[in-house]
Amino acid sequence: MSTFQTIKGTFDILPDPAMSSSAFAYGTAAWQHVEATLRDVLARFNFSEVRTPILEPTELIARGIGQLTDIVSKEMFAFTRGDTNYVMRPEITAPVMRAYLQHHLDQRGGVQKLYYIGPCFRAEEPQKGRYRQFHQFGVEVIGSDDARADAETIAVMMAVYKAFGLTNTTLRLNTLGDAESRPRYKAALQAYFEPYRQDLSETSRTRLDTNPLRILDTKDERERTLLADAPHLIDFVDAESRAHYEEVKQLLNDLGLVFVEDPFLVRGLDYYSRTAFELESPDLGAQSALGGGGRYDLLSVEVGSKKPVPAVGFASGMERLFLALEANEVTLPGTPSPDVFLVALGDRARRRVFRMAQELRDAGFKVALDLRGRSMKAQMREANRQNAPFTIIVGDNELEQAQAPVKNMETGEQTEVAFADLRNYLRDHVT
Ligand code: HAM
């Protein structure tokens, strides 16, 4: 029997990405660096982290995102156990709204500004930038219908990419209007496409009956030409939402954030109203969306709240951020190395070195040593492989003298240092 492999569309994150046999391979250190940068930007915008479970009630997701969406109708990893229906979260907005309502976070007062970083699951056909287990980072701003909440959400998303030096992106913006705008637009789209029914692909024909807004996302060239004369959503949007949209655009202009208006941007989740946006990168190929989001003032009611709670947020794919960084030749930290590698010759030295490692670690140094009783040559090779900048070589002589040569692995230079002075020496030399 061959050994087990990761399930299609999932991958391991390894200390040494060069060892990975997966198509998507970035090392743990790179992930940690990206996460630290994200947290830094999010903290500057005064967001607090929230962590919700991977497993959520299926009904929360189905009602929140919408039964007719691709996610709910065909991409959920869901199962039933006893009398509970579980879903592995395909996104984190509905879960965060659930947490907000469950714990009455409104009682903290003010607007809740929450962020998250974590895995999501969608049973999509894997390809570059599209996986079955992927990671999202995102924010949810809950409790304000002010256009500034929308603009700040977009601003923090843009600030994240800027922090990584990624500025070659396109921000697309639209408004979906209120609860009545969408059904009006849906009807208009159905009326527009109906005469072309026979020209549509099979998928679009089904969508024409169920969810005609999805036709707007078509990649089919023929269908795209049909879009040229299709009705625009903005013409079905209520006056208040239009005014809100104008304000959002004004605020983005004030911040110097460049956007393009896309009359066909509707997003693939049903909970949106008013502002919708997406950030694209030309470097990602078919899966070009780095992130997206919008306002979702009606979600709270969909998932059981008596009164509507206005909210806006975005989420981005971590993997797509990595792919964009790579395409832009941004260097990420590689495998971390120890500060020093301890080399021992003989049994007595091995015991002393084992204790020395502990002493130096207590003093705050990153210390590596051999755990297999190997030869000196093999230990030096291992020190090289691990990129240790210094080695300390201890044998019987060194034990007697209570001092050992510290070797600078780059220059080859060796300095005799008393055991008692090792900490100070390393403190002065390790960068
Ligand atoms: P979404 O557009 O479905 O929105 O996903 C957000 C981002 O997650 C996408 O732009 C993409 O970068 C990434 N993503 C989605 N699916 C995959 C996949 N299969 N593989 C890799 N990356 C993927 C949402 O999830 C909303 N919750 C966003 C939001 C937050 N709206 C309001 N607040």
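The structure we're discussing is the one just above.
Residues numbered from 1 in each chain as written. Predicted model: local features only at pLDDT ≥ 70, side-chain atom pairs only at ≥ 80, totals over all residues. Heavy atoms only, no water.

**Section: the side chain of S204**
Threshold: Only DSSP runs of H or I reaching four residues or more are called helices, and only runs of E reaching two or more are called strands; each is numbered from the N terminus. Partly exposed describes any residue whose relative accessible area lies between the buried limit of under 20% and the exposed limit of over 50%, with all areas from a 1.4 Å probe on protein chains only and scaled to the type maximum. Throughout, a residue-residue contact means that at least one pair of heavy atoms, one from each residue, lies within 4.5 Å.
Counting through the fold element by element, S204 comes out in helix α7 (residues 202-210). Look at S204 and you get buried, because its relative accessible area is 3%. Beyond its immediate sequence surroundings of up to four residues, S204 is in contact with I215 and E223.

**Brief notes about the pattern of salt bridges**
Heads up, the condition is: Salt bridges, as used here, are contacts in which a Lys or Arg side-chain nitrogen is within 4 Å of a carboxyl oxygen on Asp or Glu.
For the structure on display, the rule yields 28 salt bridges. Between R132 and E125 there is a salt bridge, with the nearest N and O atoms lying 3.7 Å from each other. Residues R222 and D199 are paired through a salt bridge, measuring 3.6 Å at the closest nitrogen-oxygen approach. Of this pair, R222 sits in helix α8 (residues 221-227) while D199 is found in the loop between α6 (181-193) and α7, placing the two residues 23 residues apart along the sequence.

**Observations concerning the site of the ligand**
Convention followed: The nearness test applies per residue and asks whether one of its heavy atoms lies within 4 Å of the molecule or strand. Any pair of N or O atoms that falls within 3.5 Å is considered a polar contact. Within protein, one atom must be able to donate a hydrogen and the other to accept it, and sequence-neighbouring residues count only if both atoms are side-chain atoms. For the accessible areas, the method is Shrake-Rupley and the probe is 1.4 Å, while residue cover comes only from the protein chains on display.
Surveying the vicinity of the ligand reveals 28 residues, the closest of which are E91, T93, E124, Y131 and Y272. Contact between the ligand and L290: an oxygen atom at 2.9 Å from a main-chain N or O atom of the residue. In this structure, G317 approaches the ligand through a main-chain N or O atom, which is 3.0 Å from an oxygen atom. Out of a free accessible area of 660 Å², the ligand has 96% covered by protein chains. The set of elements that each furnish at least two residues to the shell around the ligand consists of β6 (133-142), β10 (289-295) and β11 (311-317).

**Notes on the nonpolar core**
In plain terms, the rule: What makes a nonpolar core is a set of buried Ala, Val, Leu, Ile, Met, Phe, Trp, Tyr and Cys residues whose side-chain atoms join them at distances within 4.5 Å.
Formed by 96 residues in total, the largest nonpolar core has its most connected members in L38, M97, F137, I142, Y161 and F193. The dominant element in this core, judged by the number of residues it contributes, is helix α5 (residues 147-163), at 11 residues. Setting aside its immediate chain neighbours within four residues, Y161 contacts F137, L166, L279, L290, G291, S316 and L321.

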